[in-house]
Amino acid sequence: MRFFTYFYENEMEQYFYQKPQSFSKYSERELLSYGLGATLYMPATRPNIHQEILSKKHDGLTSLVIDLEDAVGDKEVQRAEKLLIRELLHLFGELNKGFLNFEDLPLMFVRIRDLEQLKRLAEQLGDAIRLLTGAVLPKFNAENGEDLLSEVRKLHTEQHPFYAMPILETAKVIQKETRMEELLSIKQQVDRYKEIVLNIRIGATDFCGLYGIRRNADTTVYDIAVLRDCITDIINVFQRFDNPYVISGPVWEYFSAKNRMLKPQLRQTPFRERYGDEGLKWRAKLIDNHLDGLIRETIMDIANGLTGKTIIHPSHIKIVQALNVVSYEEYIDASNIVKAATGEIGVMKSEFANKMNEIKPHYYWAKKILLKSQLYGVLHEEFTNIDLIKKEVYVPGS
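None of the values given here were measured: they were computed from a predicted structure.

1. As for the pattern of salt bridges
Turning to step 1, where the next piece is worked out: For the structure shown, the criterion picks out 31 salt bridges.
Turning to step 2, where the next piece is worked out: Here Glu13 makes a salt bridge to Lys19, at a shortest N to O gap of 2.6 Å.
Turning to step 3, where the next piece is worked out: Glu13 sits in the partly exposed class, given a relative accessible area of 45%.
Turning to step 4, where the next piece is worked out: Here Arg111 ties to Asp67 by a salt bridge, and the two come within 3.0 Å at their closest N and O atoms. Placement of the pair is Arg111 in strand S4 (residues 107–111) and Asp67 in strand S3 (residues 63–67), with a sequence separation of 44 residues.

Put into structure tokens, the structure is as follows:
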């Protein structure tokens, strides 16, 4: 499995200075933690999940979460569990017939409701649990975290890794008077289980719900003050250079066109300068379908050090993953910084003659860029992330 499999080989040569490399759930954890890309959520009540995976229905899909929690009504839980188990057993049976290799599967997770549900699923799936890359742990907190992580560790083996992805979305995390104590307690817990924690996720929808807020398609998570402040503290605690975790961008939940309230969030200039009138028409299509908000929020995610994003519609996959591709300038700067980290020099001029690269302050950034470059690839100097979006993004109604 790798990103951008929907490109022809000549297109890969055209756009990529360094092509994305293959990966799977068996890849090294540090590298794999950057490889979720656009993580598609789907309810466990959805029919024929195994057929969608076998047929590779969604171009570019590299990770998905089958949701037994918020996407399933409380009265549907038992039925949803049965459907999930049936679908995974079907898929496991097809794999054993040789129709697909485990390494070709997208990274698959199940979002559980509680510890007992995780135990039930593991018991009933048996060997088929090898299909899963891990479990998403919603409402993760200092009280329930230890037991959940301990159970995940029991399911994790070197031969068949099984990872935890905690979601931070409780009142104690967002409320100012309890936030730092709760975050530091959670951090201490996950540090004890770091080898099985793949990713830290942010539950923006639950956070907003606690304040009666729902952002619209013209508003990013960074425009909601109480949410922005909380995200800032999560990054502060979990992304420090001395013991960092990969943090994913919060969910983007819009996918249909409605009348706009605010100005579009994509400037005309980059589209007009690069593509002329055609670029402006294409920009209009993105705006009409509210994909400009997704683009802006994903750019803000990346600017704040987040990698990947939770999504709820397949039309978001290619946008998120295209925006995470490393630029040629970033790659050359990062490579030079890492090469120069021998203690002989402290600062050097960028090859692009537009900035100074300080070895110590920029070293952690450079390491992250090189990890991302292995998975998402590096663009040729003359191309931008917008070129990739224009090349392949399907815009509904176009």
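Let us keep going from here.
2. Points about empty space enclosed by the protein
Turning to step 1, where the next piece is worked out: Summed over all chains, the structure comprises one cavity of 30 Å³ or more.
Turning to step 2, where the next piece is worked out: Roughly 50 Å³ of volume is contained in the largest cavity.

3. Re the confidence of the model for the protein
Turning to step 1, where the next piece is worked out: Averaged over every residue, the pLDDT of the protein is 91; the share at 70 or more is 89%.
Turning to step 2, where the next piece is worked out: Segment residues 394–398 is flagged for pLDDT under 50; beyond a separation of four residues in sequence, or across chains, it makes seven contacts in the model.

4. Some words on the pairing of S3
Looking along a regular strand, one sees side chains alternate from face to face of the sheet.
Turning to step 1, where the next piece is worked out: Within S3, five of the five residues are buried, which leaves it mostly tucked inside the rest of the structure.
Turning to step 2, where the next piece is worked out: Of the two faces of S3, the one carrying Ser63, Val65 and Asp67 and the one carrying Leu64 and Ile66 are both buried.
Turning to step 3, where the next piece is worked out: Here five bridges tie strand S2 (residues 38–43) to S3, and the two strands are oriented parallel to one another. Within S3, the position partnered with Pro43 by the bridge is Asp67.
Turning to step 4, where the next piece is worked out: Taken together, S2, helix H3 (residues 49–54) and S3 form a β-α-β motif whose crossover is right-handed.

5. Overview of the layout of surface pockets
Turning to step 1, where the next piece is worked out: Looking at the second largest pocket, its volume works out to about 420 Å³.
Turning to step 2, where the next piece is worked out: Elements that contribute at least two residues to the lining of the second largest pocket include exactly S2, strand S7 (201–202) and helix H9 (204–209).
Turning to step 3, where the next piece is worked out: Residue classes in the lining of the second largest pocket are distributed as 11 nonpolar, five polar and nine charged.

6. Focus: helix H15 (residues 359–376)
Turning to step 1, where the next piece is worked out: With 18 residues, H15 ought to run about 26 Å at 1.5 Å a step, and its terminal C-alpha atoms sit 24 Å apart, in line with that.
Turning to step 2, where the next piece is worked out: The sharpest bend along H15 comes to roughly 30 degrees, located at Trp365.
Turning to step 3, where the next piece is worked out: Among the residues of H15, those classed as buried are Ile359, Ala366, Lys368, Ile369, Leu371, Lys372, Ser373, Leu375 and Tyr376.
Turning to step 4, where the next piece is worked out: Looking one or two residues beyond H15, the residue adopting positive phi is Gly377, at roughly 85 degrees.

7. Structural notes on the nonpolar core
Turning to step 1, where the next piece is worked out: Core analysis: the largest hydrophobic core is formed by 112 residues, its most contacted members being Ile234 and Phe238.
Turning to step 2, where the next piece is worked out: Of the residues forming this core, the biggest block, eight residues, is contributed by helix H4 (residues 77–96).
Turning to step 3, where the next piece is worked out: With residues near it in sequence (within four places) discarded, Phe238 still touches Leu168, Leu183, Ile186, Lys187, Val190, Ile200, Asn243, Pro244, Tyr245 and Ile247.
Turning to step 4, where the next piece is worked out: Within the second largest apolar cluster, 12 residues are counted, among which are Ile337, Met348, Ile359 and Ala366.

8. Digging into the sheet that holds strand S8 (residues 249–252)
Sheet strands associate in pairs through backbone hydrogen bonding, adopting either a parallel or an antiparallel arrangement.
Turning to step 1, where the next piece is worked out: Strand order in the open sheet formed by eight strands is S7-S6-S5-S4-S3-S2-S9-S8, with parallel pairing between adjacent strands. Looking at which strands have only one partner, the edges of the open sheet turn out to be S7 and S8.
Turning to step 2, where the next piece is worked out: Sheet analysis places S2 next to strand S9 (residues 309–311), joined by three bridges and oriented parallel. For Thr39, the partnering residue across the bridge sits in S9 and is Thr310.

9. A closer look at the environment of Leu155
Turning to step 1, where the next piece is worked out: If you trace the backbone, Leu155 turns up in helix H6 (residues 145–155).
Turning to step 2, where the next piece is worked out: Residues Leu155 and Ile129 lie 26 residues apart in sequence; the distance between their C-alpha atoms is 8.8 Å.

10. What to know about the side chain of His316
Turning to step 1, where the next piece is worked out: Mapped onto the secondary structure, His316 falls in the loop between S9 and helix H13 (317–323).
Turning to step 2, where the next piece is worked out: You can call His316 buried: its relative accessible area is 0%.
Turning to step 3, where the next piece is worked out: Not counting residues up to four positions away in its chain, the partners in contact with His316 are Ala38, Trp252, Tyr254, Phe255, Leu291, Leu294 and Ile311.

About the cut-offs
- Residues numbered from 1 in each chain as written.
- Predicted model: local features only at pLDDT ≥ 70, side-chain atom pairs only at ≥ 80, totals over all residues.
- Heavy atoms only, no water.
- Salt bridge = Lys/Arg side-chain N within 4 Å of Asp/Glu carboxyl O.
- Buried < 20%, exposed > 50% of the residue type's maximum accessible area, 1.4 Å probe, protein only.
- Helix = DSSP H or I, 4+ residues; strand = E, 2+ residues; numbered from the N terminus.
- 1 Å grid on protein atoms, 1.4 Å probe; cavity = no way out; pocket = protein on both sides within 12 Å on 5 of 7 lines; lining within 4 Å.
- Points joined across faces, edges and corners; volume = space filled by probe spheres on them.
- pLDDT = per-residue confidence, 0-100.
- Contact = heavy atoms within 4.5 Å.
- Pairing = 2+ DSSP bridges.
- Right-handed = clockwise from strand over helix to strand, strands pointing away.
- Nonpolar A, V, L, I, M, F, W, Y, C, P; charged D, E, K, R; others polar.
- Expected span 1.5 Å × (residues − 1).
- Bend = angle between axes of the 7 residues up to and from the residue.
- Core = buried A, V, L, I, M, F, W, Y, C linked by side-chain atoms within 4.5 Å.

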